[in-house]
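Breakdown of the fold
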Amino acid sequence: MKYYRNTAASLGLCSCHVCGLVSRIGAETGGARCPRCATRLHTRKPHGVEQCWALLIAAYILYLPANLMTIMETGSLISYRKDTILSGVVHLWQNGSMGIAVIVFIASIVVPLFKLLTLTWLLISVQKRSTRHPAERTRLYRLIELVGRWSMLDIYVVTLLAALVQMQSLATVKAGPGAIAFGAVVVLTMFAAMRFDPRLIWDPLQKES
Amino acid sequence: MVWMTLSFHHHNITKRRRRRERSCDNLAMHTGEGRAMEDSSISFIACHECDLLLREIALEPGRAAACPRCGATLYRHSTDSINRTLALAAAAALLFLIANIYPIFGIESQGNDAATNLYGAVRSLWDQKMHFISTLVFITAIVVPSLELSLLIYLLLPLTAGHIPAGLAPLMRFLQGIKPWGMVEVFMLGILVALVKLTDDFRIIPGVALWSYGGVTFLLAAVAATFNPRDVWTCLEVRVREGKSP
């Protein structure tokens, strides 16, 4: 299959990331603006790889407290428990809500981990100028952009439980410090995925045509 | 900078949204030394995910064009996109307002009951000194969705009457920037999970907002499927070519 034809960048063209208009940009890529919507034009996201790494490393660091620290404290007259993300899932499973347990497990554990590892792999492969499996890597990138937001699920659950049960005097539910770290991981990985430029996956193929 | 004239070059390689065939020979451009650039009857787009330069083709309604190299959806032809999106956004905005005013659900146990709407939950979390989480929920579930809906209405209403609203280009850019942070559908799932967790210890009283959120989730998905930013840019372009500033 001969797929590798011309990219816009190889012809000195640049498509606007807001309105999609393709325009010619000269050697000075700095100040060029889209003639239709006046957005600043970049052939590739400026400093995308560096910023993506920075955000990703920050997310890795916070990933530990997010999973090890308490995300929710539940107390009533007869019982008191502290839950991390994983123990919350286990508790749901044991209480018979297996479907919900699976949903929470995927949204809170599988998705963030998958996102961190995939982004790491994408960044390394881009920096090594790998030419292998570009279509699959692009598809993976599309997938993490799509599913990343669903990790916010646990944050919303904690918010609703804490607010409702707090108003009711017999029991208490409190958000723990793990929730802060977890929220930060979700936000950081979302920013990291936005800073990654999937076009970099295809650039190394350019020379082979 | 050179303007690429947008006009539709006719080729019969339209694709169904689901059954996408890759026919790269028709879509992909065979450039020599960029000669085709000067031909004003052809317009070009670059794939936003792999930067392949492609020739635009006309699509039949309801179909989408896909990049032959990486498979990204390039653009769609949605019938009457501006009018339909406006209608859906107006309906979503109304329901979203209701969803934010009335309680989502209440709980009752041994005579004590409590109910809250989303803003109440955010306030309560703020009072528990969880400022970061509270802000995060406030932005993603209240601020961004309401901004998104009101901006859509502000931008699309004048366009249906043939006017270009002030600040169209920067607002479209802003809209695109905040879009990933609107998470009503995730919040909807959060409500359901919270309900399941509470049914063990409490009696649940469903509130008006519970149903409204369901409706909002559905309508926002419809807005996302109908809205076609390309149509907005085409409106702006016609105006620019007529010599009026954007």
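Residues numbered from 1 in each chain as written. Chains lettered and ligands numbered in written order. Predicted model: local features only at pLDDT ≥ 70, side-chain atom pairs only at ≥ 80, totals over all residues.

1. Overview of the overall build of chain B
Where we set the bar: Segments assigned H or I by DSSP are reported as helices when at least four residues long, segments assigned E as strands when at least two residues long, and all are numbered from the N terminus. Remark: C-beta atoms are placed from the backbone, and a residue is labelled buried if 20 or more other C-beta atoms sit within 10 Å of its own, exposed if 12 or fewer do, or partly exposed between those counts. Note on contacts: residues are paired as contacts if their backbone-placed C-beta atoms lie within 7 Å.
When its secondary structure is counted, chain B shows eight helices and seven strands. The burial tally for chain B puts 34% of its 246 residues in the buried class. Looking at chain B alone, contacts between residues at least 24 apart form 67% of all its contacts between residues at least 6 apart.

2. Quick look at the overall build of chain A
Stated formally: Atoms counted for the radius of gyration: C-alpha only. Globule rule: 2.2 Å times the number of residues to the power 0.38.
The helix and strand tally for chain A stands at seven helices and five strands. Counting from the amino terminus, helix and strand elements in chain A follow one another as β-β-α-β-β-α-α-α-α-β-α-α. Taken over C-alpha atoms, the radius of gyration comes to 22 Å for chain A, far larger than the 17 Å a tight globule of 209 residues would show. In terms of overall dimensions, chain A has a C-alpha envelope of 70 × 35 × 25 Å along the principal axes. Evaluated residue by residue, chain A yields a buried proportion of 46% over its 209 residues. Restricting the contact set of chain A to residue pairs at least 6 apart, pairs at least 24 apart contribute 65%.

3. Some thoughts on the interface of chain A and chain B
Reports of interface size often rely on the accessible area that becomes lost once the parts have come together. Every contact between the two is made by 61 residues of chain A and, on the other side, 61 residues of chain B. Put simply, the parts of the chain that give the side of chain A that touches chain B at least two residues each are strand E1 (13–15), strand E2 (22–24), helix H3 (98–127), helix H4 (134–147), helix H5 (153–167), strand E5 (172–175), helix H6 (177–195) and helix H7 (199–202) of chain A. A total of 12 residues in the side of chain A that touches chain B trace back to one element, the largest contributor, which is H5(A).

4. A word on the domain arrangement of chain A
Stated formally: Segment limits for the domains were obtained from an automatic or database-derived domain assignment.
Entries for chain A in the domain assignment read domain 1 (1–43) and domain 2 (47–208). The straight-line distance from the C-alpha centre of domain 1 of chain A to that of domain 2 of chain A is 33 Å.

5. Notes on the sheet that holds strand E4 (residues 80–83) of chain A
Through backbone hydrogen bonds, the strands of a sheet pair up, either in parallel or in antiparallel fashion. All names here are of chain A. Quick note on the threshold: Here, a strand pair is defined by DSSP locating no fewer than two bridges between the strands. The axes used here are C-alpha line fits, helices contributing only the stretch in contact, and every angle between their N-to-C directions lies in the interval 0 to 180 degrees.
The strand order across the open sheet formed by three strands is E4-E3-E5, and the pairing between neighbours is antiparallel. Looking along the sheet, the strands with just one partner apiece sit at the ends: E4 and E5. When the angles between neighbouring strand axes are averaged without regard to direction, this sheet yields 10°. Bridge analysis of strand E3 (residues 72–75) against E5 gives four bridges, and the strand direction is antiparallel. The residue bridging Thr 74 from the neighbouring strand is Val 173, located in E5.

6. Things to note about the environment of B:Leu59
Residues and elements named next belong to chain B. Within the element layout of this structure, Leu 59 appears in the loop between strand E2 (53–55) and strand E3 (64–66). Judged by the 18 C-beta atoms lying within 10 Å of it, Leu 59 is partly exposed. On a C-alpha basis, the gap between Leu 59 and Arg 69 in space is 19 Å, while along the polypeptide they are 10 residues apart.

7. So, unusual backbone geometry
Residue and element names in this part refer to chain A. Phi is positive for Ala 38, close to 65°, though the residue is something other than glycine. Relative to the helices and strands, Ala 38 is located in the loop between E2 and helix H1 (48–68). The partly exposed category is assigned to Ala 38, around which 15 C-beta atoms lie within 10 Å. Phi is positive for Arg 129, which is not a glycine, with a value near 55°. Summarising the element assignment, Arg 129 is placed in the loop between H3 and H4.

8. Thoughts on the pairing of E3(A)
The two faces of E3(A) differ: A:Met72 and A:Thr74 on one face are buried, but A:Glu73 and A:Gly75 on the other face are not. Remark: four residues form the turn of the hairpin made by E3(A) and E4(A), two consecutive strands paired antiparallel.

9. Observations regarding the packing of H3(A) against H6(A)
All names here are of chain A. Counted only if it meets this: By convention the crossing between two helices is left-handed if the near helix lies anticlockwise of the far one by an angle smaller than a right angle, and right-handed if it lies clockwise. Classification used: nonpolar for Ala, Val, Leu, Ile, Met, Phe, Trp, Tyr, Cys and Pro, charged for Asp, Glu, Lys and Arg, polar for all others including Gly.
Taken N-terminus to C-terminus, the directions of H3 and H6 make an angle of 35°; their axes are 11 Å apart at the nearest point. Of the two possible hands of crossing, H3 and H6 adopt the one that is left-handed. Together, Pro 112, Lys 115, Leu 116 and Leu 119 of H3 and Val 185, Val 186, Thr 189, Ala 192 and Ala 193 of H6 make up the contact between the two elements. In terms of residue class, the contact of H3 with H6 is built from seven nonpolar, one polar and one charged.

10. A short note on the packing of helix H3 (residues 118–127) of chain B against helix H4 (residues 131–160) of chain B
For any two helices packed against each other, the geometry comes down to the angle between their axes and how far apart the axes lie. Residue and element names in this part refer to chain B. Stated formally: Oblique is the label for every angle not falling under 35 degrees (roughly parallel), over 145 degrees (roughly antiparallel), or within 65 to 115 degrees (roughly perpendicular).
Where H3 meets H4, the closest approach of the two axes is 8 Å, and the angle between their N-to-C directions is 160°. Judged by the angle between their axes, H3 and H4 are roughly antiparallel. As for how H3 packs across H4, the hand of that crossing is left-handed. Residue-level contacts link Leu 118, Tyr 119, Val 122, Leu 125 and Trp 126 of H3 to His 131, Ile 133, Ser 134, Val 137, Phe 138, Ala 141 and Ile 142 of H4. Per-class residue counts for the contact of H3 with H4 are 10 nonpolar, two polar and no charged.

11. Some words on H3(B)
Residue and element names in this part refer to chain B. Defined as follows: Arc definition: directions from the helix axis to the C-beta atoms.
Along H3, the residues classified as buried are Leu 118, Ala 121, Val 122, Ser 124 and Leu 125. Within H3, the buried residues cover an arc of 160° as seen down the axis, which keeps them to one side. Positioned one or two residues after H3, Lys 129 has a phi angle of 70°, which is positive.

12. Regarding the confidence of the model for chain B
Residues and elements named next belong to chain B. Quick reminder of the rule: For every residue, the predictor states its confidence as a pLDDT score lying anywhere from 0 to 100.
Scored by pLDDT, chain B has a mean of 78; 79% of the residues are at 70 or more. Note on residues 1–40: pLDDT under 50 across the span, and 70 contacts to partners over four residues away in sequence or across chains. Two numbers describe this predicted complex: its pTM, 0.84, and its ipTM, 0.89.

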